[in-house]
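One-letter residues, chain by chain:
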Amino acid sequence: MAIEMIRNIPKGSISDVKKSPMDIFKKSEELKQGVYILNRDNVAGVMISKQQYEGLLDLIEELEEKVLETKVAERLARYDTQDSPETYTVEEVFGKTLMEMQFDPDEEDEWE
């Protein structure tokens, strides 16, 4: 299967996918990037291998953690420099839904 390129990204067609989807996945793995899938000259989607997809999910999780760590560091720095630090109500922290939940203290929840 000959692979053409769009902006240095390989492309295939819906017909190629119908004929042999595994060829597209193999090409994606070989090139270490996604393959644009065209339907009548319009990009319909992108095919990537399972490993690439899982790598993207891991990267997203890692980046979300870094964003959270940065926000925490900024808040702590702001807290240390303020005379009257920002505070939050229990409802603001836990949300209205959690505050409205009823808990049965006699329930066997295995926390004891």
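Residues numbered from 1 in each chain as written. Predicted model: local features only at pLDDT ≥ 70, side-chain atom pairs only at ≥ 80, totals over all residues. Heavy atoms only, no water.

### Points about a nonpolar patch on the surface
- A cluster of nonpolar side chains, namely Tyr88, Val90, Val93 and Phe94, defines an oily patch on the protein surface of about 420 Å² accessible area.
- Tracing the backbone through its elements, the reader meets Val93 in helix H4 (residues 90-94). (Patch = residues over 30% accessible without salt bridge, like charges linked within 9 Å, V, L, I, M, F, W, Y side chains within 5 Å. Areas by Shrake-Rupley, 256 points an atom, 1.4 Å probe, with all protein chains shown as cover. Salt bridge = Lys/Arg side-chain N within 4 Å of Asp/Glu carboxyl O. Helix = DSSP H or I, 4+ residues; strand = E, 2+ residues; numbered from the N terminus.)

### Regarding the environment of Phe25
- Its place among the elements puts Phe25 in helix H2 (residues 21-31).
- The spacing of Phe25 and Val35 is 10 residues in sequence and 8.2 Å in space, taken between C-alpha atoms.
- Leaving out residues up to four positions away in the same chain, Phe25 has contacts with Met47, Ile48 and Ser49. (Contact = heavy atoms within 4.5 Å.)

### Notes on the pattern of salt bridges
- If you walk through the whole model with that rule in mind, you get two salt bridges.
- Between Glu30 and Lys27 there is a salt bridge whose closest N-O contact spans 3.4 Å. Of this pair, Glu30 and Lys27 both sit in helix H2, three residues apart, which is roughly one turn of the helix.
- Here Glu54 makes a salt bridge to Lys50, at a shortest N to O gap of 3.1 Å. Here Glu54 pairs with Lys50, and both are found in helix H3 (residues 50-81), just four residues apart, close to one helical turn.
- Under the relative-accessibility criterion, Glu54 is labelled partly exposed at 37%. (Buried < 20%, exposed > 50% of the residue type's maximum accessible area, 1.4 Å probe, protein only.)

### Digging into the confidence of the model for the protein
- Taken residue by residue, the protein gives an average pLDDT of 83. The fraction at 70 or more is 82%.
- The lowest-confidence element of the protein is strand E1 (residues 4-6), averaging 64 in pLDDT; the highest-confidence one is H3, averaging 91. (pLDDT = per-residue confidence, 0-100.)

### Looking at a negative patch on the surface
- Together, Asp58, Glu61, Glu62, Glu64, Glu65 and Glu69 make up a negatively charged patch on the protein surface.
- With respect to the element layout, Glu61 can be found in helix H3.
- The exposure class of Glu61 is partly exposed, given its relative accessible area of 46%. (Lys, Arg positive; Asp, Glu negative; His and termini not counted. Charge placed at Lys NZ, Arg CZ, Asp CG, Glu CD.)

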